[in-house]
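Residues per chain, in single letters:
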Amino acid sequence: QVQLVESGGGAVQTGGSLRLSCAASGRTFRSYGMGWFRQAPGKEREFVATISWRAYSTLYADSVKGRFTISKDNAKNTVYLQMNSLKSDDTAVYYCAADGAGWNLQSAPRAYDYWGQGTQVTVSS
């Protein structure tokens, strides 16, 4: 069992930066691939980024590539999402998720076993 708690969301102006954190409980955290997803009002949950269990590999959605960076600190049981050059289209609730098949880079929400409660990111001009 893995419990996930996101933090770091908030309101920021266009072009600004935020760093989201996702703290995980459980001794098996290091064996999980981790992902970030987001959901805007009236839209489906969409993939943002994922990182493999040893943090050797990452995958990003085209919409965030070059602006967002996912990282994983197994010693701290935490995964991060550094978000730079934020746009209004980035406004959403951001969720972290854990994938027990941690060697794969999964972009489909159904591949993930555990989810956090989400943290709101609002980008305004």
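Below is a short write-up of the structure. Note that the structure is a prediction, hence the values are computed from the model and not measured. (Residues numbered from 1 in each chain as written. Predicted model: local features only at pLDDT ≥ 70, side-chain atom pairs only at ≥ 80, totals over all residues. Heavy atoms only, no water.)

**Observations concerning the pattern of salt bridges**
Filter applied, for reference: Salt bridges are counted wherever a side-chain nitrogen of Lys or Arg sits within 4 Å of a carboxyl oxygen of Asp or Glu. Secondary structure elements follow DSSP: runs of H or I no shorter than four residues count as helices, runs of E no shorter than two count as strands, and numbering proceeds from the N terminus. Working definition: with a 1.4 Å probe on protein chains only, accessible area under 20% of the residue-type maximum means buried, over 50% means exposed, and in between means partly exposed.
This structure, assessed with the given rule, holds 4 salt bridges. Between Arg38 and Asp90 there is a salt bridge, with its nearest N and O atoms 2.9 Å apart. Taken together, the positions of Arg38 in strand E4 (residues 33–39) and Asp90 in the loop between strand E8 (78–83) and strand E9 (92–99) put the pair 52 residues apart, joining distant regions of the chain. For the pair Arg38 and Asp90, one class covers both residues: buried.

**A look at the sheet that holds strand E7 (residues 68–73)**
Note the following rule: Pairing between strands is defined by DSSP: at least two bridges between the two strands are required. Each axis is a line fitted through C-alpha atoms, and for a helix only the stretch in contact is used; angles between axes span 0 to 180 degrees, taken between their N-to-C directions.
Taken together, 4 strands build an open sheet; the order of strands is E1-E3-E8-E7 and the sheet is antiparallel. The strands lining the two open edges of the sheet, one partner per strand, are strand E1 (4–7) and E7. Taking the axes of each pair of neighbouring strands and ignoring which way they run, one obtains an average angle of 15° across the sheet. Here E7 runs beside E8; their pairing, made up of 6 bridges, is antiparallel.

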